[in-house]
Amino acid sequence: MATLQLTDIHKSYGDVQIIKGVNLGIEDREFCVFVGPSGCGKSTLLRMIAGLEEITSGDLTIDGQRVNDVPPSDRGLAMVFQSYALYPHMTVEDNMGFSLRLAGVPKEERRKKVGEAAKVLHLDKLLARKPKELSGGQRQRVAIGRAIVRKPKVFLFDEPLSNLDAALRVTTRNELIRQQHELGTTTIYVTHDQVEAMTMGDRICIMNRGETVQIGKPLEVYRAPADTFVARFLGSPAMNLLAATLRRDGAGHRLDLAGTTVPVADCYPPAVLAPFVDRPIIAGIRPEDIYETATQPGCARPAGVTASIVAVEPLGAETLLMLSLPAQSEECIARVGRDTLRRHGEAATLFLDAAALHLFDPGTTKALPRATADAAGG
């Protein structure tokens, strides 16, 4: 097993900076997910860890040893790519054991290691088949098995599920989680899919434009996004960002928001709010924190707003309401129960949970800091 430390890692191509000073420590046996939109630099960062891309500046250490100049084959890593890259003329057994054969491992020992890995991956009954006889999920497991037999210190996954259909992605994702728990190998996983990041990672590293925007446990990041980018990126549907004006109201503060008055939660210290009084501010609310009635369980501090329902999207277990709110340039989304009676085109009073509002600086887009106890609980 292994620990990794990335210290002020940069990557440039000429004058173009791709990775801009990444600092990250990954613990032994941890499942760490790099997530972000296409082009944010997550795969480039993974390839730098693997040794497939040179590090322009900074230090990469594995178990305390600096490995910037160590060849990929000597870093103790195994990488699984988006493409399975299986040899079509070889059986599953030969594909999984190919790297061991190249390393000169005797045939009997090779078969033993392949058999052990195949059993973990539920491939032991498929060892005689060729890749064309396998499903997409089975082929991906063979590619993973090829990495497992090397017994690496660290697994690197570069969007391994993106070629699978939706149902197979879920199945294979669950298998990967189970395998990582059973094997206990330190794992770094790259994806652009925030659902994969939320469900798979012990910690997630959200990247944007070559920088790490926020690092933390999935639910902690979801509940306390560092800025509007994270707020909109993590979550499906995304957090609603609403234009508001902050007012001081006696001993407390309130928001003029969407034609109504919304009290500001006590978690925001007065000193933090003071610079924004009588100024525009961004208020964020998750779709699940908008309710149809003020008495629904979970709605701690209801604030009613009048909305025009633009569209109704029944999803089976839940329904999404697309809303047009007063004084807002963008539509808002509410996640409500499957039995809702709301219909397209009607006006309705819905309730924002004021206790669940997030406040952001419209200039920097950074989240306003909450009191420590609230930040821990979301």
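Refer to the structure above for everything that follows.
Given the structure is predicted, the values throughout are model-derived calculations rather than measurements. (Residues numbered from 1 in each chain as written. Predicted model: local features only at pLDDT ≥ 70, side-chain atom pairs only at ≥ 80, totals over all residues. Heavy atoms only, no water.)

**Student:** Explain the overall build of the chain here, please?
**Tutor:** Looking only at helices and strands, the chain features 10 helices and 20 strands. Taken over the C-alpha atoms alone, the chain extends approximately 80 × 45 × 35 Å along its principal axes. The buried share of the chain, taken over its 378 residues, is 49%. By sequence separation, contacts in the chain at least 24 residues apart represent 67% of the contacts at least 6 residues apart. As displayed, the chain has an accessible area near 17500 Å², and 50% of this comes from carbon and sulfur atoms. One way to put it: in the chain the 44 positive side-chain charges average out to a point 6 Å from where the 45 negative ones average out. (Helix = DSSP H or I, 4+ residues; strand = E, 2+ residues; numbered from the N terminus. Buried < 20%, exposed > 50% of the residue type's maximum accessible area, 1.4 Å probe, protein only. Contact = heavy atoms within 4.5 Å. Areas by Shrake-Rupley, 256 points an atom, 1.4 Å probe, with all protein chains shown as cover. Lys, Arg positive; Asp, Glu negative; His and termini not counted. Charge placed at Lys NZ, Arg CZ, Asp CG, Glu CD.)

**Student:** Got a minute to help me understand empty space enclosed by the protein in this structure?
**Tutor:** In this approach a probe as big as a water molecule rolls over the atoms, and the regions it shows empty are the leftover space. If you walk through the whole model with that rule in mind, you get two cavities of 30 Å³ or more. Looking at the largest cavity, its volume works out to about 80 Å³. Lining the largest cavity are F31, I144, I148, F155, F157, L176, Q179, Q180, L183, T187 and Y189. Listing elements by their share of the lining of the largest cavity, those giving two or more residues are α4 (136-148), β7 (154-158), α5 (166-183) and β8 (186-191). Ranked by the residues each element gives to the lining of the largest cavity, the list is headed by α5, at four residues. Here the residues of the lining of the largest cavity sort into eight nonpolar, three polar and no charged. (1 Å grid on protein atoms, 1.4 Å probe; cavity = no way out; pocket = protein on both sides within 12 Å on 5 of 7 lines; lining within 4 Å. Points joined across faces, edges and corners; volume = space filled by probe spheres on them. Nonpolar A, V, L, I, M, F, W, Y, C, P; charged D, E, K, R; others polar.)

**Student:** Would you explain the packing of aromatic side chains in this entry?
**Tutor:** Going through the model one piece at a time under the given rule, you end up with five aromatic pairs. Geometrically, the ring pair formed by F155 and F157 is tilted, given 6.0 Å between the ring centres and 45° between the ring planes. Since its relative accessible area comes to 5%, F157 is described here as buried. One Lys or Arg, R286, reaches over the ring of Y222 and ends 3.9 Å from the middle of that ring. (Phe/Tyr/Trp six-rings, centres within 6.5 Å; stacked < 30°, edge-to-face > 60°. Lys NZ or Arg CZ within 6 Å of the ring centre and 35° of its normal.)

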